[in-house]
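# Notes for the structure review
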Amino acid sequence: MKPTADLGTGYKLVPGTGPHRASEPLIFERSVSGRRGFSLPPLDVPMPPAGVTAWIPAERLRAAPAALPEVSERELVQHFMKLAHQNFSVETNFYPLGSCTMKYNPRIHEELTALPGFSTAHPYEPDAAVQGTLQLLGELGQWLGDILGMDGVTLQPAAGAHGEFTGLLMARAYHEAQGRSRKKVVVPDSSHGTNPASAALCGYEVVEVRSNARGRVDLAALHRAVDQDTAVFMLTNPNTLGLFEEEILEISRLVHGVGGLMYLDGANMNALLGLFRPGDMGFDITHVNIHKTFSIPHGSGGPGGGPVGVKRHLVPFLPGPLLKKEGQAYRWVEAPPSSIGRVRAFAGNIGAMVRAYLYIKTLGAEGLRHVAEHAILNANYLKARLKTAYTVPVDEPCMHEFVASAVEQKRLGVKALDIAKRLLDYGCYAPTIYFPLIVEEALMIEPSETESRQALDQFADALLAIAQEAKTNPGQVQMAPHTLPVERLDEVRAAREPNLRWRPSPDGARPQGALQGPGP
Amino acid sequence: MEYTPNTADDRRQMLERIGVGAFDELLNGIPASIPRAKFSVVPPGCTEPELVRDIQALAAKNQTAAHRSFLGAGAYEHWVPSVVRYLTSRGEFLTAYTPYQAEASQGTLQAMYEFQTLICELTGMDVANASLYDGATSTAEAALLALRHTQRSRIVVAATLHPEYRQVLQTYLKQAGVRIVEAPHADGVTSVVEAERAIDDQTAAVVVPMPNVFGCLEPAEALAARARAVGALSVVVVNPLALGVLKPPGAYGVDIVVGEGQPLGLSLQYGGPYLGLFACRGEHLRRVPGRLVGMTNDARGRRGFTLTLQTREQHIRRSKATSNICTNEGLCALAATVYLCALGRQGFRELAEQNIAKAHYAQQQLTAIPGVTPLFPKAPFFNEFALQLPCQAATLNERLLARGFLGGLDLRRVDPALDRGWLVCVTETKSKAEIDALAAAVREAL
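About the thresholds
Residues numbered from 1 in each chain as written. Chains lettered and ligands numbered in written order. Predicted model: local features only at pLDDT ≥ 70, side-chain atom pairs only at ≥ 80, totals over all residues. Heavy atoms only, no water. Helix = DSSP H or I, 4+ residues; strand = E, 2+ residues; numbered from the N terminus. Contact = heavy atoms within 4.5 Å. Areas by Shrake-Rupley, 256 points an atom, 1.4 Å probe, with all protein chains shown as cover. Phe/Tyr/Trp six-rings, centres within 6.5 Å; stacked < 30°, edge-to-face > 60°. Buried < 20%, exposed > 50% of the residue type's maximum accessible area, 1.4 Å probe, protein only. Lys NZ or Arg CZ within 6 Å of the ring centre and 35° of its normal. Core = buried A, V, L, I, M, F, W, Y, C linked by side-chain atoms within 4.5 Å. Domains from an automatic or database assignment. Buried area = accessible area lost by both parts, 1.4 Å probe. Salt bridge = Lys/Arg side-chain N within 4 Å of Asp/Glu carboxyl O. Polar contact = N/O pair within 3.5 Å; in protein donor to acceptor, adjacent residues only side chain to side chain. Nonpolar A, V, L, I, M, F, W, Y, C, P; charged D, E, K, R; others polar. Pairing = 2+ DSSP bridges. Axes fitted to C-alpha atoms, helices over the stretch in contact; angles between N-to-C directions. Parallel < 35°, antiparallel > 145°, perpendicular 65-115°, else oblique. Left-handed = near helix turned anticlockwise from the far one by under 90°. Disulfide = S-S within 2.5 Å. Arc of directions from axis to C-beta.

For chain B, the helix and strand inventory stands at 13 helices and 17 strands. The principal-axis extents of the C-alpha atoms in chain B amount to approximately 85 × 55 × 50 Å. Across chain B, every contact between residues at least 6 apart in sequence was considered, and the portion connecting residues at least 24 apart equals 70%. For chain B, the computed accessible surface area is about 14,300 Å², with 49% contributed by carbon and sulfur atoms.

What follows deals with the packing of aromatic side chains. Aromatic rings in a pair are described by how distant their centres are and how their planes are angled relative to each other. One pass over the full model with this rule turns up 16 aromatic pairs over all chains. Here A:Phe294 and A:Tyr359 contribute two aromatic rings whose centre-to-centre distance is 6.3 Å and whose plane-to-plane angle is 80°, an arrangement assigned as edge-to-face. One end of the pair, A:Phe294, is in the loop between helix H9 (290-293) and strand E9 (308-310); the other, A:Tyr359, is in helix H10 (residues 350-386), with 65 residues separating them in the sequence. For the pair shown, A:Phe294 and A:Tyr359 are each scored as buried. Grouping aromatic residues by their ring pairs yields a cluster made of A:Tyr124, A:Phe346 and B:Tyr274. In this structure, A:Arg172 is placed above the aromatic ring of A:Tyr204, and the distance from its NZ or CZ to the ring centre is 5.2 Å. The cationic tip of B:Lys430 hangs over the ring face of B:Phe70; the distance from NZ or CZ to the ring centre is 5.7 Å.

Attention now goes to the nonpolar core. Core analysis: the largest hydrophobic core is formed by 112 residues, its most contacted members being A:Leu222, A:Phe233, A:Ile248 and A:Phe294. A per-element tally of this core places H10(A) first, with 20 residues. In this structure, this core is formed jointly by two domains, domain 2 (150-363) and domain 3 (372-491) of chain A, each of which donates at least three residues. Judged by nonpolar contacts, the second largest core, of 91 residues, contains A:Val486, B:Ala128, B:Val254 and B:Leu266.

Residue and element names in this part refer to chain A. As far as domains go, chain A holds domain 1 (1-86 + 492-520), domain 2 (150-363) and domain 3 (372-491). Between the C-alpha centres of domain 2 and domain 3 the distance comes to 30 Å. Taken residue by residue, the interface counts 24 residues in domain 2 and 19 residues in domain 3. Both faces considered, domain 2 and domain 3 share a buried interface measuring about 1,600 Å² in area, 63% of it formed by carbon and sulfur atoms. At the boundary of domain 2 with domain 3, the tally comes to two salt bridges. Between Glu 396 and Arg 216 there is a salt bridge, and its shortest N-O distance comes to 3.0 Å. Inspection of the domain 2/domain 3 interface yields six residue pairs in polar contact (both at pLDDT 80 or more). Classifying every residue of the side of domain 2 that touches domain 3 by side-chain character gives 10 nonpolar, 10 polar and four charged.

Another point: the sheet that holds strand E16 (residues 409-410) of chain B. Residues and elements named next belong to chain B. The strand order across the open sheet formed by four strands is E13-E14-E17-E16, and the pairing between neighbours is antiparallel. The open sheet has two edge strands, strand E13 (373-374) and E16, and neither has a second partner. The pairing of E16 with strand E17 (residues 421-425) spans two bridges and is antiparallel. The partner of Asp 410 across the bridge, within E17, is Trp 422. Against the sheet, helix H12 (residues 393-402) contacts E16 and E17, and its axis sits at roughly 45° relative to E17.

Before going further, it helps to spend a moment on the environment of B:Arg399. Residues and elements named next belong to chain B. With respect to the helices and strands, Arg 399 occurs in helix H12. For the pair Arg 399 and Ala 441, spaced 42 residues apart in sequence, the C-alpha separation works out to 8.8 Å. Not counting chain neighbours up to four residues away, the residues in contact with Arg 399 comprise Ala 445 and Leu 446.

Take the environment of A:Ala177 next. Residues and elements named next belong to chain A. Here Ala 177 shows up in helix H5 (residues 160-177). Its relative accessible area of 55% is what places Ala 177 among the exposed residues. Taking C-alpha positions, Ala 177 is 21 Å from Ser 252, a pair spaced 75 residues apart along the chain.

Turning next to the pattern of salt bridges. All names here are of chain A. Tallied over the entire structure, the rule returns 62 salt bridges over all chains. Across the salt bridge formed by Glu 24 and Arg 30, the nearest N and O atoms sit 2.5 Å from each other. The shortest N-O distance in the salt bridge between Asp 218 and Arg 210 comes to 2.9 Å. On the basis of relative accessibility, which here comes to 12%, the residue Asp 218 falls in the buried class. Because the salt bridges share partners, they merge into one network encompassing Arg 214, Arg 216, Glu 246 and Glu 396.

The next subject is the packing of H10(A) against helix H13 (residues 453-472) of chain A. Residues and elements named next belong to chain A. One way to put it is that H10 packs onto H13 with a least axis distance of 10 Å and a crossing angle of 30°. Classified by the interaxial angle, the pair formed by H10 and H13 is roughly parallel. The handedness of the crossing between H10 and H13 comes out as right-handed. Seen from H10, the contacting residues are Asn 378, Tyr 381, Leu 382, Arg 385 and Leu 386; seen from H13, they are Arg 453, Leu 456, Asp 457, Phe 459, Ala 460, Asp 461, Leu 463 and Leu 464.

Now for unusual backbone geometry. That bond from A:Phe435 to A:Pro436 is cis: its omega, -5°, falls within 30 degrees of zero. For A:Thr101, which is not glycine, the phi torsion reads 45° and is therefore positive. Here A:Thr101 shows up in the loop between helix H1 (73-85) and helix H2 (107-113). Even without being glycine, B:Ala73 reaches a positive phi, approximately 60°. The buried category is assigned to B:Ala73, whose relative accessible area is 1%.

Residues and elements named next belong to chain B. Here chain B is partitioned into domain 1 (66-79 + 345-445) and domain 2 (82-338). The straight-line distance from the C-alpha centre of domain 1 to that of domain 2 is 28 Å. Facing 27 residues of domain 1, the contacting portion of domain 2 comprises 28 residues. When domain 1 packs against domain 2, close to 2,100 Å² is buried across both sides, 70% of that on carbon and sulfur atoms. Among the residues domain 1 hides against domain 2, the three largest losses belong to Phe 348, Phe 376 and Phe 382. Together they make up 28% of the total. Taken together, the connections running from domain 1 to domain 2 amount to one salt bridge. A salt bridge links Lys 378 to Asp 187, with the shortest nitrogen-to-oxygen separation between them at 3.2 Å.

On the side of chain A, 203 residues touch chain B, which itself brings 186 residues to the contact. Taking both sides of the interface into account, the surface hidden between chain B and chain A amounts to around 17,500 Å²; carbon and sulfur atoms contribute 63%. Contact with chain A buries area across many residues of chain B, yet B:Glu103, B:Tyr270 and B:Arg318 alone supply 6% of it, more than any other trio. A salt bridge links B:Arg303 to A:Glu29; its shortest N-O distance comes to 2.8 Å. The tally of links between chain B and chain A comes to 102 residue pairs in polar contact (both at pLDDT 80 or more). Of the residues contributing to the side of chain B that touches chain A, the split by class is 94 nonpolar, 57 polar and 35 charged.

Counted under the stated rule, the structure contains zero disulfides over all chains. A:Cys100 carries a free sulfur, and the closest cysteine sulfur to it, the one in B:Cys326, is 6.9 Å from it. Using a relative accessible area of 8% as the deciding quantity, one classes A:Cys100 as buried. Cysteine B:Cys425 is unpaired, with the sulfur of B:Cys216 as its nearest cysteine sulfur at 13 Å.

It is worth spelling out helix H9 (residues 220-229) of chain B at this point. Since the α-helix turns once every 3.6 residues, residues separated by three or four places project in the same direction. Residues and elements named next belong to chain B. For H9, every residue scored as buried is listed here: Ala 220, Leu 223, Ala 224 and Ala 227. Viewed along the axis of H9, the buried residues span an arc of 100°, placing them on a single side of the element. Looking one or two residues past H9, Gly 231 carries a phi angle of roughly 80°, positive in sign.

Of all 11 residues in helix H7 (residues 163-173) of chain B, nine are buried; the element is thus mostly enclosed. The set of residues buried in H7(B) consists of B:Pro163, B:Glu164, B:Tyr165, B:Arg166, B:Val168, B:Leu169, B:Thr171, B:Tyr172 and B:Leu173.

Next comes the structure, spelled out in structure tokens:
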């Protein structure tokens, strides 16, 4: 890219890059020897003349300090602020990423989670010294059990997929305790990728059953797929098309009839909150992604939390240790030998659990039901507005999300990917695309309950405008985005010539200029 | 308090547009045989002032903040510079998700690329991923990689690995029929002779902590060499802060370095969220679990960053994925990135040196007390050390708590035989005066 004007001051005007859209050098390229962004208090205990080699043999030590960048605090803050400005986020953009429930994250949660009582507690403090945290965890476990309709809950798993792994290990232990080691986990063909991956990690063979023409589990196909070797049928409800599995009670009966267990992938729990409970639909095990349903900020990819709830017959297999209330006091006790053991160190992603607690306590029973109702209304409203221009493969009332398809646009040469990229130019993050796998050119749209009618309209207007562009100016869409720090990236090169870490250039010179790439 | 903006009038207009008269019509397809939810213990809801009042009271039930702490054992108190909290609380990072749309996520992607570079630099490895859940699950993922790579079914683990990490390994591996062999320790570090006996041509991985659960530095170099000799992979479980001074495992031929990133700018939070580190040699790239960010360019040749090699991952490969991980610990990785850049080349080394100096000063002061001796006098240590007490550690800790100190770890938690063992951690956060005060309190309490 050529600058259009050099103002003679080192500042350059570059077309297509607003002040908050300019690219930023790597922090390593900003490094200047001798700069520091933080100062330690002077050492107030003796350091021998030989330095630390007085205590640790020299052959165990680094020859030179690790080559970390050297920047001042001002440069450090500027660097990461410039990076921040290159991100879309829930706080700054409409973020309809299907299956991820990108709802607004209340700011008060950040403030309260940082209270020193919570944030400085060490995991090995005596139980008596951390009764505040333990009470919070104890009550949260109770509340989640109530919300899910489950008898026992573990807060240990660190994320949804980790919860799946935990839940499936419990299923495995349960079957082994019955003296029937089973081999298969059955999943619908519309399932999240984590489901078969978690099942494989637990040593199960994965069997997929196809969906019927209405996007639901095909009961006849399921009948053929399950047998005495089926350990678990794992599904999400509403399913990944945002449709309620209306035959869920029949499905549960069928699976229980062959001695299998029902596992709910709770990724879509936002649609059920306060309306229906997994435990009342025949599910034996469910995890819930608290970063989705209970509004833990997604943190650019985590941390989240994946508590798992189970029915009474699976309680003996919960991971340990277990939190017990005795009188008014809480304490940890060892799990029975039937437990699957630990799935991570310490008690879990406690900071995330504090936020989930705050969320439930703020909203309360009625507020939680409103979450589901508004989420469902918002999704149906968007669907109604968009189906004039986009195909909706199953046009029935949806739950908290729905899947549209860009098959019509594809005939004009505009794919789901192009539409997703063009949305970025309109200031909207893109829906989940090409998922579920059973819908061609899928656009999976989940607006969440925290978006206003006006925000939904703006998004719908953008998608309708793009559908129009696909007819009148497809090139505009196919080449999008046009307004961001970079255009579409060469992903083939990224995979063929993996460059996963920075190294100084061989001649020691630093690359000059923010906008120049490293060259091929 | 609710966070749903749409008013009754909004909802009426929306229902009209959808073409239904009332919200419940949208649920008409759901059979009446499924009962509507009824809650018995979910609370009634509250406003922000009420929430703050109640939660402040709850936080105050934790006595934590009032104590001077000498607890470590896998979770460490360090000073977290203010900029770490500020930058990680920016909504653009805090409320984004996994950067699936690269063009609208360059901030996150570049920060993750910087994180990967920093972890490679600290560990001496070729490749680092963009984080896993915590140190224990990273260790399990390393073992899984080694099992797949070698097609063998035995793992040799140092008995000095944190007990909770060993338990997690057990949970992850037992259903796969993997045998976990513990290599015993002598004088606080793994016995090379015993370990060499345990490591054979059926061994997929040798897992060694550095420093170990007693704070001691392990003969990791010798154990890695033995692993290499029999075709097993070596896995070193690090405290990354110690790598400010210790030789990076990459310099002695280690295959995989994992660890707990919590010391790098994350507060204790009663155990999480923490940060699973995972780095390895380039040859294992295609088996790495979790997200990887790569540098590439756009059509105009401008540099850009994107998630790459996603065919390893569950959303593409499903049951054949290298791991089931989806959500990782992105924000914690960002915190570690900011932390390491704030400390910088000199600052990070100085920090590690201060930890060593303060821990050694404390050990000297405490072992000057009659009846208190080093439990493992021969092994060099980093920022925590084990002592033998003249009484049970639990008893001493109770007396110290009454004097405002959170004492060291009662080593019965690691090994029931060590009922007078006490693991003391001293980081840069403790002044000489505080260390002296601890020594005086111990003297008085015994």
